[in-house]
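Summary of the model geometry
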Amino acid sequence: MMQTLWWKSVNRNFLLLGITILSVNSINAQTNFETYKKEYPDYNELIVNNSTSYSISLVDKKLKVLQDNQYESIILSENGIQNNKETFTYSDFVKLLSYDAYTIVQDKGRDRKIKVTQAMEKQSQNGSVFHDDIKIKQLVFPNLESGAKKLYKYSTEFTDPNLLHKFIFSDVLPTKNATIEIKTDKSINIGFVIFNDPNHAIEFNKIDKKDSYIYQWTLKDSKPIKFEQSSPGYLYRVPHIVFYIKDFTIDNKKTELLGDIQRMYDYNSGFVKDLNLVEDEALKNQTLSIIENKKTDEEKLKAIFYWVKDNVKYIAFENGYEGFIPRQASLVYERKFGDCKDMASIITSMAKYANIPNVYLAWIGSRNLPYSFSQIATSAAIDHMIAVYKKGTEYIFLDATDQETQYGIPTAFIQEKEALLYNGDKFQIVKVPVTNAEKNAIKDSVLLTIKNDKIIGTGHLEIEGYNRTNTLNQIGDSSNKTKFEKIKSLVLKGNNKFNLYDFCEDNIRERDKPYDVHYDFDIDNYIIKVDKELYINLMFDKYYEKSTIEKDRESSFDFDYLSKFYSFVECIIPQNCQVKYIPKNVDLENELLKVKIEYQQKNNSIVMQSTIELKKIILEVTDFPLWNETIKKLKSNYSETIILKEK
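Numbering of residues starts from 1 in every chain and runs along the sequence as written. Given that this is a predicted model, residues contribute local features only at a pLDDT of at least 70 and side-chain atom pairs are listed and counted only at 80 or more, while totals for whole chains, interfaces and linings are drawn from all residues. Only hydrogens and water are set aside when side-chain values are computed; all heavy atoms of the structure are taken into account.

By convention, a stacked pair of Phe, Tyr or Trp rings (six-membered ring in the case of Trp) has centres within 6.5 Å and planes under 30 degrees apart, an edge-to-face pair has planes over 60 apart, and any other such pair is tilted. Per the stated rule, a full pass over the model turns up 35 aromatic pairs. Plain terms: the ring middles of tyrosine 40 and tyrosine 43 are 6.5 Å apart, the flat faces sit at 70° to each other, and that makes the pair edge-to-face. When the ring of phenylalanine 305 is compared with that of tyrosine 407, the centres are 6.3 Å apart and the planes differ by 65°; the resulting orientation is edge-to-face. With phenylalanine 305 in helix 4 (residues 297–311) and tyrosine 407 in the loop between strand 20 (394–398) and strand 21 (418–423), this pair connects stretches of sequence that are 102 residues apart. Assigned by exposure class, phenylalanine 305 and tyrosine 407 land together as buried. Linked through ring pairs, Tyr71, Phe88, Tyr90, Tyr99, Tyr152 and Tyr154 together constitute an aromatic cluster. Taking the ring centre of phenylalanine 141 as reference, the NZ or CZ of lysine 150 above it sits at 5.9 Å. The way it works is that DSSP assigns letters per residue, a run of H or I at least four long becomes a helix, a run of E at least two long becomes a strand, and they are numbered from the N terminus. Whether a residue is buried, partly exposed or exposed follows from its accessible area with a 1.4 Å probe, protein chains only, as a fraction of its type maximum: under 20%, in between, or over 50%, in that order. In this scheme, Lys NZ or Arg CZ marks a charge over a ring once it lies within 6 Å of the ring centre and within 35 degrees of the ring normal.

Take the pattern of salt bridges next. When a carboxyl oxygen of Asp or Glu lies within 4 Å of a side-chain nitrogen of Lys or Arg, that pair is called a salt bridge. Inspection of the entire model under this criterion finds 37 salt bridges. Here lysine 391 makes a salt bridge to glutamate 298, at a shortest N to O gap of 2.6 Å. On the criterion of sequence distance, the pair formed by lysine 391 in strand 19 (residues 384–391) and glutamate 298 in helix 4 is long-range, its members being 93 residues apart. Exposure remark for glutamate 298: the relative accessible area of 21% places this residue in the partly exposed category. For the salt bridge of aspartate 339 with arginine 327, the shortest nitrogen-to-oxygen distance reads 3.2 Å. Of this pair, aspartate 339 sits in the loop between strand 17 (337–338) and helix 6 (340–353) while arginine 327 sits in the loop between strand 16 (313–314) and helix 5 (329–335), and the two are 12 residues apart along the sequence. For the pair aspartate 339 and arginine 327, one class covers both residues: buried.

Next up on the list: a nonpolar patch on the surface. Side chains of Phe192, Ile194 and Phe204 sit close together on the surface and give an oily, nonpolar patch of about 250 Å² of accessible area. Along the polypeptide, phenylalanine 192 turns up in strand 11 (residues 188–195). The class for phenylalanine 192 is partly exposed, based on a relative accessible area of 33%. Only residues whose relative accessible area exceeds 30% and that take part in no salt bridge are eligible for patches, with like-charged residues grouped when within 9 Å of each other and nonpolar side chains (Val, Leu, Ile, Met, Phe, Trp, Tyr) grouped when within 5 Å. Here, Shrake-Rupley sampling with a 1.4 Å probe gives the accessible areas, and only protein chains in the shown set may cover a residue.

Its identity as a non-glycine residue notwithstanding, asparagine 358 has a phi of 65°, on the positive side. In this structure, asparagine 358 sits in the loop between helix 6 and strand 18 (359–364). Accessibility expressed as a relative area gives 36% for asparagine 358, which makes it partly exposed. Phi at asparagine 480 takes a positive value of approximately 55°, unusual for a residue other than glycine. Within the fold, asparagine 480 resides in helix 8 (residues 480–491).

In this section: the environment of glutamine 67. Note on placement: glutamine 67 falls in strand 2 (residues 62–75). Remark: the alpha-carbon pair of glutamine 67 and glutamate 485, spanning 418 residues in sequence, is separated by 53 Å. Contacts of glutamine 67, omitting those with residues within four sequence positions, involve Thr52, Ser53, Tyr54, Val94, Tyr154, Ser155, Thr156 and Phe158. Polar contacts here mean pairs of N or O atoms no more than 3.5 Å apart (in protein, one a potential hydrogen donor and the other a potential acceptor; neighbouring residues in sequence count only if both atoms are side-chain atoms). In this structure the side chain of glutamine 67 is engaged in a polar contact, spanning 3.3 Å, whose partner is the side chain of asparagine 69. Contacts: residue pairs with any heavy atoms within 4.5 Å of one another.

Time to look at the nonpolar core. As used here, the term nonpolar core means buried Ala, Val, Leu, Ile, Met, Phe, Trp, Tyr and Cys residues forming a set that is joined through side-chain atoms within 4.5 Å. In terms of nonpolar packing, the biggest core is built from 58 residues, with Leu448, Ile455, Ile536, Leu538, Tyr544, Ile612 and Trp627 touching the most fellow members. Setting aside chain neighbours within four positions, we find isoleucine 612 in contact with Tyr543, Tyr544, Ser563, Lys564, Phe565, Leu593, Lys594, Val595, Leu634 and Tyr638. Within the second largest apolar cluster, 57 residues are counted, among which are Phe167, Val242, Tyr267 and Ile382.

Time to look at the pairing of strand 1 (residues 45–59). When DSSP locates at least two bridges between a pair of strands, those strands are taken to pair. In the sheet, strand 1 pairs with strand 2 via 14 bridges, with the strands oriented antiparallel. Residue pairing across strands places leucine 46 opposite isoleucine 74, the latter belonging to strand 2. Connecting strand 1 to the antiparallel partner strand 2 that follows it, the hairpin turn spans two residues, and aspartate 60 within it adopts a positive phi of roughly 55°. By the bridge criterion, eight bridges tie strand 1 to strand 10 (residues 175–185) in an arrangement that is parallel. If you follow serine 55 over to strand 10, its bridge partner there is lysine 183.

Keep in mind that these numbers describe shape and distance, not what the molecule does.
Right, dumping it as structure tokens:
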């Protein structure tokens, strides 16, 4: 009996203790929710914790890399309920071992877990990258409400220790805690570089254990990354760390992996050393046919380059090490499609058949990546592959993935990036230059007459370089009415009374020539007439007029490439009119823009000529005041009009 009473007493005490713990947890959960709502009143959701831990060890004399990831967020408002999906990625190199996900809601003062049962696997849609066999796991969280939490965790294993990458501390949502931890055997050395942490807000801690080191980096209370149009890429702004294994030691023998350019080059060279060693008769004959009657190496290479653009369709279909290994040129020729590596492979192979020396495979990072090889000598700095031709001291960058780009001009997204050239045991790094604005010129010449207070005009538009590429890509293979509307938008002048009634195009397939449009038009209600005076604005093309940068913008502004705009407008003076006013000339130049606008009366015409040149691809935040001041002056001159007076 005493024993029974004792057990009852113990059970009661445990019950009371349990009730107390549950009450405390419930109070804490509610307190945290209310605190977060006050702390983040402008946000619908908060990332409470985003953490990743790595275990890097030696097992059976081989590197073993395991990764554990945990994510927790809390819904702060009713609007936050709509964000019921989260995703994580994995691939053949980063194999998914396990995952778990659930929603936590408050139910009568207790946390209740509701397991995620709706999960879908999708293939990554990023077709522009160098290696992409990435799979996406999409989780749909049920029963979301204000105060509910989304939690998921997953474990992966890296099959290739050379491919460790990066950890990003910030998100589009505010983040209370972001932590990366790397635990290594003491026989393993790692390297790392931190980006975009100017105030050293990321805390670093290294713990020395008996048989291991633990490296920890933590960022508390990080602000959300603001999405802004024309930003150079989130990796240029977001605080993140790129890390890699430098070396490891087994039985007193050190094996070096990464850490300098030579090691990275040696690793990547392993993927191309056996490329195109066997001659393919069909491809060789095709090459000889293409270069027939071509006299110089450059003429031959240009013909090969354009043939690849026209006959090998760009398709990114990369899986596993196929994301790193270019396919044999013979296979690419047979299939007539391939990714960036495959196009580089067939170009270099055909150059060899044509006996053109110094045409190399090259690894390169696009402008989406902010790294140089001297900063990061790992695959994190590479997402593209091209061919490079060394012509004396000049380098020609051959990227066939953009069908329209002309020979001699690199694709826009690799300007200012470093190319790592493959040449057996040797490597060379060359920097892709910025294409001169003159090569991306837009030239528009217009002749105007005035009839019954209506503008009648004929024009000739020439578009070169990247502007040509973008224009033709936008027009695409459209026809009939759709084509007409696109051309109309391209040559639009004045106001919504602009009427395009005829046009013709030239050099659509001639990459080395400007894309030409000859067009005829009229504009009604454009001339402002007051008594006997006619006011006419000859600045039809107001470039950068709407490009004033917002005062609260946080990221740099990326134009993608330099441009130069020429406008020539000749207005024939009606016989019954005389010139009363011509605007003053404008000559404006700084490190961002160069502007020249000239007005001149020639016999029975008034001629306006303007040249506007962009001088800097990326405007930094410190450039914004000067840019806005320049645009303000430019807009003021855009509003100037000529004044004709009836006799």
